[in-house]
Each structure stands twice: as C-alpha cells, then as structure tokens.
Amino acid sequence: TFPDVPEGLTMRLGLADPDKRIKDLDRAGVSKQVLLATVGSLFYNVPPVDLEASCALSRMHNLHLSEFVKKYPDRFIGAAVIPLQDGHAAADELDYAYHQLGLKAVEICTHVDGKNIDSPDLSPFYEKVSELNVPVMVHTDLTRHIKCAAADLLDKYFLANLFIHPFEIMIS
C-alpha cells in the first residue's frame with residue numbers, strides 16, 4: 001500500500017518498482033518505455049517560485065529516475081525534469097542528467113508561471129537540447145486552471161483534458 005494514495009484508489013506497483021514495471025510491460029507486449037514525471041513533479045510552481053528549490057528537487061528526481069532506468073537500460077528511457085524557470089539552470093541540469101545519469105530525453109510544460117516556452121530567456125536550454133540532440137516532451141500544466149465560465153465542470157468531468165490540453169499544446 002501507498003500512504004499518499006486516497007482510500008479506494010489503487011496504484012500499480014510498477015510505478016515504483018522497476019521489476020514489477022518490466023512484468024507489466026511484458027504482459028502488455030511493450031518492448032521499451034519512456035518514463036515521464038507527472039506534471040506536479042516538474043517543480044515549476046514550488047511556492048513561492050524558488051529556483052534553488054526547483055534545482056534541488058529536479059536533481060533529486062533525476063537521480064531517482066536514473067536508478068530506476070539503470071536496472072533495465074535496454075527497456076527504459078528516462079526523461080529528465082529541469083528547472084525551466086531559468087534557461088542556464090535548465091541547461092546545466094539537462095547536461096548533468098544526460099552525461100552523468102544517462103537520461104536521454106527531457107520533459108517540460110507548456111509554460112512556466114505564465115512565461116511561454118518560446119521565451120528568449122530559455123535560449124541556453126534550447127541550445128543544450130540541440131547540442132545533445134535530445135527529444136523534448138511537452139506536457140500541459142493543468143495545476144492552475146484559468147477562470148472561465150463553467151470552470152467547475154473542467155475538473156468534475158475531466159473536460160480540462162478535452163479543452164485545455166489541446167489548446168495549450170497548440171499555442172505553446
């Protein structure tokens with residue numbers, strides 16, 4: 001059991017155990033899997049937005065993920081999380097995750113605290129992405145819904161997935 005999982009919900013053990021994850025992949029006929037963080041684990045909104053904390057949390061996450069990947073490097077591809085609040089810090093963490101930890105992809109959100117991912121401040125990060133030739137996975141950030149008509153229905157009926165996900169991806 002997992003102490004943070006609400007009663008009534010189940011969590012597949014393969015989420016936390018690479019041996020069990022491999023069994024799940026084998027049962028599903030999947031030969032290789034890219035491992036991505038949940039959006040909340042990208043640490044863009046550590047209150048208040050704190051670059052030092054985001055850097056430390058990104059490093060901790062990447063270290064843990066690399067241990068998971070190292071057990072089955074021919075079956076898992078790890079996507080690093082980076083402190084995208086700062087282009088230089090993001091480039092440094094990506095370089096470390098790639099060269100020292102063996103993570104071969106990176107995951108970002110469609111924005112960082114309202115700053116778009118095409119911001120010139122992020123040029124050092126994108127230069128590092130280009131240098132390393134790593135794929136960038138872009139995920140929407142639904143942790144801060146916009147205020148709009150029927151906003152209460154977005155969560156209630158998972159309509160955010162239908163409306164906000166595609167819209168954020170299109171405009172990012």
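Anything mentioned here points back to the structure above.
Cut-offs and rules
Residues numbered from 1 in each chain as written. Predicted model: local features only at pLDDT ≥ 70, side-chain atom pairs only at ≥ 80, totals over all residues. Heavy atoms only, no water. Helix = DSSP H or I, 4+ residues; strand = E, 2+ residues; numbered from the N terminus. Buried < 20%, exposed > 50% of the residue type's maximum accessible area, 1.4 Å probe, protein only. Contact = heavy atoms within 4.5 Å. Areas by Shrake-Rupley, 256 points an atom, 1.4 Å probe, with all protein chains shown as cover. Salt bridge = Lys/Arg side-chain N within 4 Å of Asp/Glu carboxyl O. Arc of directions from axis to C-beta. Polar contact = N/O pair within 3.5 Å; in protein donor to acceptor, adjacent residues only side chain to side chain. Patch = residues over 30% accessible without salt bridge, like charges linked within 9 Å, V, L, I, M, F, W, Y side chains within 5 Å.

### Considering the overall build of the protein
Line of reasoning, step 1. Within the protein, the regular secondary structure consists of six helices and six strands.
Line of reasoning, step 2. Beginning at the N terminus, the succession of helices and strands in the protein can be written as α-β-α-β-α-β-β-β-α-β-α-α.
Line of reasoning, step 3. Buried residues in the protein amount to 37% of all 172 residues.
Line of reasoning, step 4. Expressed as a percentage of contacts within the protein between residues at least 6 apart in sequence, the contacts between residues at least 24 apart total 71%.
Line of reasoning, step 5. Of the accessible surface of the protein, which amounts to about 10300 Å², a share of 58% is contributed by carbon and sulfur atoms.

### Some details on the pattern of salt bridges
Line of reasoning, step 1. Under the counting rule described, the total for this entry stands at eight salt bridges.
Line of reasoning, step 2. Among the salt bridges present, the one from arginine 75 reaches aspartate 26, with a minimum N-O distance of 2.9 Å. Of this pair, arginine 75 sits in the loop between helix 2 (51–71) and strand 2 (76–81) while aspartate 26 sits in helix 1 (residues 18–28); the two residues are 49 residues apart in sequence, bridging distant segments of the chain.
Line of reasoning, step 3. When its relative accessible area of 47% is taken as the criterion, aspartate 26 is described as partly exposed.

### Quick word on the side chain of histidine 61
Line of reasoning, step 1. With respect to the helices and strands, histidine 61 occurs in helix 2.
Line of reasoning, step 2. Classification of histidine 61 by relative accessible area gives buried; the value is 18%.
Line of reasoning, step 3. Leave out the neighbours within four places in its chain, and histidine 61 touches Ala37, Ser41, Phe43 and Val81.

### Observations regarding helix 1
Line of reasoning, step 1. What helix 1 keeps buried is the set Pro18, Arg21, Ile22, Asp24 and Leu25. Taken around the axis of helix 1, the buried residues stretch over an arc of 160 degrees, which confines them to a single face. Set apart from the buried face of helix 1 by more than 90 degrees, the exposed residues are Lys23 and Arg27.
Line of reasoning, step 2. On its buried face, helix 1 sits against strand 1 (33–35), helix 2 and strand 2.
Line of reasoning, step 3. Two or three places before aspartate 19, at the start of helix 1, stands the capping residue aspartate 17, its side-chain oxygen 2.8 Å from that residue's backbone nitrogen.
Line of reasoning, step 4. The first or second residue beyond helix 1 is glycine 29, which carries a positive phi of 75 degrees.

### Details of unusual backbone geometry
Backbone phi values are negative for most residues with the exception of glycine, while trans is the configuration of most peptide bonds.
Line of reasoning, step 1. Positioned with a positive phi, asparagine 133 is a non-glycine residue whose angle comes to about 55 degrees.
Line of reasoning, step 2. Inspection of the secondary structure puts asparagine 133 in the loop between helix 4 (123–132) and strand 6 (136–139).
Line of reasoning, step 3. Given the relative accessible area of 69%, asparagine 133 is considered exposed.

### Remarks on helix 4
Line of reasoning, step 1. Listed as buried for helix 4 are Pro124, Phe125, Lys128, Val129 and Leu132. Buried residues in helix 4, looked at end-on, bunch into an arc of 145 degrees, giving them a common side. For helix 4, the exposed residues set more than 90 degrees away from the buried face come down to Glu127, Ser130 and Glu131.
Line of reasoning, step 2. Here the buried face of helix 4 lies against helix 3 (87–99), strand 3 (105–109) and strand 6.
Line of reasoning, step 3. Two residues or fewer past helix 4, asparagine 133 is found with a positive phi of approximately 55 degrees.

### Examining a nonpolar patch on the surface
Line of reasoning, step 1. On the surface, a cluster of nonpolar side chains totalling about 370 Å² of accessible area is made up of Phe167, Met170 and Ile171.
Line of reasoning, step 2. The exposed category is assigned to isoleucine 171, whose relative accessible area is 57%.

Purely geometric numbers; function is a separate question.
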